[in-house]
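# Structure assessment
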Amino acid sequence: MPKDSYLVGLIGSGIGPSLSPALHQREADHQGLRLLYRLIDIDTLGVPPEAVGDLVRAARDLGFDGLNITHPCKQLVIPHLDDLSPQAEALGAVNTVVFDGGRAVGHNTDVTGFAASFARGLPDVPLERVVQLGAGGAGAAVAHATLTLGAERVTVVDALPERAAALAASLNSSFGDGRAAAAGPDHLPGLLADADGTGGLINATPTGMAAHPGLPLSAELLHPRLWVAEVVYRPLETELLRTARALGCATLDGGGMAVFQAVDAFRLFTGREPDSARMLAAFAELAGAVKAPK
């Protein structure tokens, strides 16, 4: 039976600007629940990403009901969990941990979060050739979501070739041979030229975050017949989106993914059904009230 009081948190790097605490707490207030959401920033604590296991154990021992996990800990946390949902296991990445009777169970709500946001924000764009930057925890979820949405082919580009190759192999195993490929950053000019009018670009790297400002690729590679989607949401308008919009590209910011993954995480934490429309409205209000960092 669902309780009426919850303690949850977020583990990650540079998470001070996160809107997750306010988003979860506002929805809990609307439902007559008490929910306290704590930020557990590894930068503030001065510990490396590999300390995520110790932090998860400490949270469990302190009576937390669950945790969100973000960059750079989504893959590192897995060996420290007791069980994984089928989706988290298939992805090899976890963004939500639920403590259940002393057991830590990993889930991934990034897949459904990105899929719901994309279907809402870019419903009619071509999906023949999709180029994705980043093969980390967020990248794995986003690539799965993109193929689930009907993309014919996703090419994963990562600075670590072995990581891109591993993700592409996993995607082909799940979706069929030829649905995914791996490439290095030096292949971006040709890949984005091929996507002209047939697909788009997804940034699933941390570049663009307040703590990692800048562009994840050369601005010269963007062109108007390319749609551009972002997973970063603080700031909501990254340099990539600003550049793409100036060129006339259709764009999708990371706000929708942030909300829809939070909707699913709230359900996992509390066992209650959240109101996604209300959480979208709350996010819009919160994002508008907080100025993007210079």
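Before reading on, note that the structure itself is shown above.
This text gives an overview of the structure that appears in the document. Keep in mind that this is a model prediction, so the values were computed, not measured. (Residues numbered from 1 in each chain as written. Predicted model: local features only at pLDDT ≥ 70, side-chain atom pairs only at ≥ 80, totals over all residues. Heavy atoms only, no water.)

One way to see where empty space is left: roll a probe the size of a water molecule over the atoms. In this structure, the largest pocket spans a volume of roughly 990 Å³. Contributing to the lining of the largest pocket are 46 residues, with T70, H71, A138, P206 and M209 lying nearest its centre. Those elements that place two or more of their residues in the lining of the largest pocket are strand 3 (66-69), helix 6 (137-148) and helix 10 (255-270). With three residues, the single largest contributor to the lining of the largest pocket is helix 10. Residue classes in the lining of the largest pocket are distributed as 25 nonpolar, 16 polar and five charged. (1 Å grid on protein atoms, 1.4 Å probe; cavity = no way out; pocket = protein on both sides within 12 Å on 5 of 7 lines; lining within 4 Å. Points joined across faces, edges and corners; volume = space filled by probe spheres on them. Helix = DSSP H or I, 4+ residues; strand = E, 2+ residues; numbered from the N terminus. Nonpolar A, V, L, I, M, F, W, Y, C, P; charged D, E, K, R; others polar.)

A few words on the environment of S85. Here S85 shows up in the loop between strand 4 (83-84) and helix 4 (86-91). In this structure, the C-alpha to C-alpha distance between S85 and P185, residues 100 residues apart in sequence, is 32 Å. Setting aside its immediate chain neighbours within four residues, S85 contacts G106, H107 and N108. (Contact = heavy atoms within 4.5 Å.)

If you trace the backbone, T198 turns up in the loop between helix 8 (188-194) and strand 10 (199-203). We classify T198 as buried; its relative accessible area is 18%. Leaving out residues up to four positions away in the same chain, T198 has contacts with P126, L127, E128 and R129. (Buried < 20%, exposed > 50% of the residue type's maximum accessible area, 1.4 Å probe, protein only.)

This next bit is on the sheet that holds strand 7 (residues 129-133). Read from one edge to the other, the open sheet built from six strands follows the order 9-8-7-10-11-12, with strand pairing classed as parallel. Each end of this open sheet is capped by a strand with a single partner; those strands are strand 9 (180-183) and strand 12 (251-252). Sheet topology places strand 7 next to strand 10; five bridges connect them, and they run parallel. Within strand 10, the position partnered with Q132 by the bridge is I202. Each of strand 7, strand 8 (153-157) and strand 10 is contacted by helix 6, which is oriented at about 170° to strand 7, the strand it contacts most. (Pairing = 2+ DSSP bridges. Axes fitted to C-alpha atoms, helices over the stretch in contact; angles between N-to-C directions.)

A complete count under the given rule lists three aromatic pairs for this structure. Seen in terms of ring centroids, F114 and F118 are 5.7 Å apart; in terms of plane orientation they differ by 40°. Their pairing is tilted. Taken together, the residues F114 and F118, both in helix 5 (residues 110-121) and four residues apart, mark about one turn of the helix. Note on F118: relative accessible area 4%, which makes it buried. Ring geometry for F118 and W227: centres 5.1 Å apart, planes at 75°, overall edge-to-face. With F118 in helix 5 and W227 in strand 11 (residues 227-230), the pair connects residues that are 109 residues apart, well separated along the chain. You can call W227 buried: its relative accessible area is 3%. Through successive ring pairs, a cluster of aromatic residues spans F114, F118 and W227. (Phe/Tyr/Trp six-rings, centres within 6.5 Å; stacked < 30°, edge-to-face > 60°.)

What follows deals with the sheet that holds strand 5 (residues 96-100). Here we have six strands laid out as an open sheet, ordered 2-1-3-5-6-4, and mixed in their pairing. Strands with a single pairing partner mark the edges of an open sheet, and in this sheet they are strand 2 (34-41) and strand 4. Sheet topology note: the strand 3/strand 5 ladder contains three bridges and is antiparallel. For G66, the partnering residue across the bridge sits in strand 5 and is V98. Across the sheet, helix 1 (residues 20-30) lies against strand 2 and strand 3, angled at about 170° from strand 2, the strand it touches most. Sitting on the sheet, helix 10 touches strand 1 (5-12), strand 2, strand 3, strand 5 and strand 6 (103-107), and the angle it makes with strand 5 is about 5°.

That's the geometry; what it means functionally is another story.
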